[in-house]
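Reading the structure
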Amino acid sequence: MKIYDWPTGPYPARVRIALAEKNLLSGVEFVPVNLWKGEQRKADFLAKNYSGTLPVLELEDGTCLAECTAITVYLDALVGEPTLTGRTPLEKGVIHMMTKRAEIEMLDAISVYFHNATPGLGPDVERDQNREWGLRQRDRALRGMHYFDAVLRKQPFIAGDAFSMADIAVIGGFIFASAVKLPVPQECEALLA
């Protein structure tokens, strides 16, 4: 397997965490795609992933899977334990729901903030920035942090009693928040723990 990623990227970190949890890191070749130089927007990369996003998993037969959730589902089916996407229909549903919430309320919101209300990846990569929209998404991310703090005050993990893909998505949010210097509010004690 090959993983096209950028070592400090929050979305690629999600797949690296899943690979580590599944004990698969040693069997993966990591191919860096330099976000700061806009390599994800070059034709050869877009042929692998039309969206121009990272990470991308390329299988031996040339099949490419993009999107963290899709890659994690594939890895979970490839190696059973530990299960990151759930065992029962209810677990699977709750994990997917909470993963999507983590993406919308933290990761994607922080991404929009980064790309619109900060210099982002720089003028050679960033195109049409909208500072007001970026700041609104920053506020959304902060609300999301409060939401996940409330969740963790009631249960040990984001989607219930076991570590899952949803927790990995929130960790990705932490990585992105740290990179853009957006601190988790101190009152979010359960989330910070």
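Residues numbered from 1 in each chain as written. Predicted model: local features only at pLDDT ≥ 70, side-chain atom pairs only at ≥ 80, totals over all residues. Heavy atoms only, no water.

Going by what an unreviewed UniProt entry lists, the protein chain is known as Glutathione S-transferase and is assigned to Gluconacetobacter entanii.

1. Overview of the UniProt feature "domain: GST N-terminal" (unreviewed entry) in the protein chain
In the numbering used here, UniProt assigns the "domain: GST N-terminal" (unreviewed entry) feature to residues 1–83. Secondary structure content for residues 1–83 is 33% helix and 17% strand, while the C-alpha to C-alpha distance between its ends is 20 Å. (UniProt positions renumbered as here; feature names shortened; annotations may be inferred. Helix = DSSP H or I, 4+ residues; strand = E, 2+ residues; numbered from the N terminus.)

2. Points about the sheet that holds strand S3 (residues 56–58)
Strand order in the open sheet made by the four strands is S2-S1-S3-S4, with mixed pairing throughout. Lying at the two open borders of the sheet, with one neighbouring strand each, are strand S2 (29–32) and strand S4 (64–66). Across the sheet, the axes of successive neighbouring strands diverge by a mean angle of 25°, strand direction being ignored. Bridge analysis of strand S1 (residues 2–5) against S3 gives three bridges, and the strand direction is antiparallel. Looking at S3, one finds that Tyr 4 is bridged to Val 56. Along the sheet, helix H1 (residues 10–21) contacts S1 and S2; its crossing angle with S1, the most-contacted strand, is approximately 150°. (Pairing = 2+ DSSP bridges. Axes fitted to C-alpha atoms, helices over the stretch in contact; angles between N-to-C directions. Contact = heavy atoms within 4.5 Å.)

3. So, the environment of Val 180
Among the structural elements, Val 180 can be located in the loop between helix H6 (165–179) and helix H7 (189–192). Taking the C-alpha atoms as reference, Val 180 lies 8.7 Å from Tyr 113; in sequence the two are 67 residues apart. Contact partners of Val 180, with chain neighbours within four places excluded, come to Ile 110, Tyr 113 and Phe 114.

4. Examining the packing of helix H4 (residues 89–117) against H6
Viewed as axis vectors pointing N to C, H4 and H6 meet at an angle of 10°, and their least axial separation amounts to 8 Å. Here H6 runs roughly parallel to H4, going by the angle between their axes. In this structure, H4 uses Ile 95, His 96, Met 98, Thr 99, Ala 102, Met 106, Leu 107, Ile 110, Ser 111 and Phe 114 to contact H6, whose residues at the interface are Met 165, Ala 166, Ala 169, Val 170, Gly 172, Gly 173, Phe 174, Phe 176 and Ala 177. Counted by class, the contact of H4 with H6 contains 14 nonpolar, five polar and no charged residues. (Parallel < 35°, antiparallel > 145°, perpendicular 65-115°, else oblique. Nonpolar A, V, L, I, M, F, W, Y, C, P; charged D, E, K, R; others polar.)

5. With respect to the packing of H1 against helix H3 (residues 68–78)
In the contact formed by H1 and H3, the axes pass within 10 Å of each other and the chain directions differ by 10°. By the angle between their directions, the pair H1 and H3 is classed as roughly parallel. On the side of H1, the interface is formed by Tyr 11, Arg 14, Val 15, Ala 18 and Leu 19, while H3 contributes Cys 68, Thr 69, Ile 71, Thr 72 and Leu 75.

6. Points about unusual backbone geometry
Here Leu 54 and Pro 55 are connected by a cis peptide whose omega angle stands at 0°. Take Pro 55: it is sitting in the loop between helix H2 (43–46) and S3. Residue Pro 82 is bonded to the preceding Glu 81 through a cis peptide linkage, with omega at -10°. Mapped onto the secondary structure, Pro 82 falls in the loop between H3 and H4. Here Asn 23, not a glycine, exhibits a phi torsion of approximately 60°, which is positive. Tracing the backbone shows Asn 23 in the loop between H1 and S2.

7. Some remarks on the side chain of Thr 72
Mapped onto the elements, Thr 72 comes out in helix H3. On the basis of relative accessibility, which here comes to 4%, the residue Thr 72 falls in the buried class. Dropping the residues within four chain positions of it, Thr 72 is found in contact with Ala 18, Leu 84, Thr 85 and Met 165. (Buried < 20%, exposed > 50% of the residue type's maximum accessible area, 1.4 Å probe, protein only.)

8. A closer look at H4
The end-to-end C-alpha separation of H4 is 40 Å, in line with the 42 Å expected for 29 residues at 1.5 Å each. For H4, the principal kink sits at Glu 103 and spans about 40°. (Expected span 1.5 Å × (residues − 1). Bend = angle between axes of the 7 residues up to and from the residue.)

9. Details of the pairing of S1
Here S1 pairs with S2 via four bridges, running parallel. Paired with Asp 5 across the strands is Pro 32, a residue of S2.

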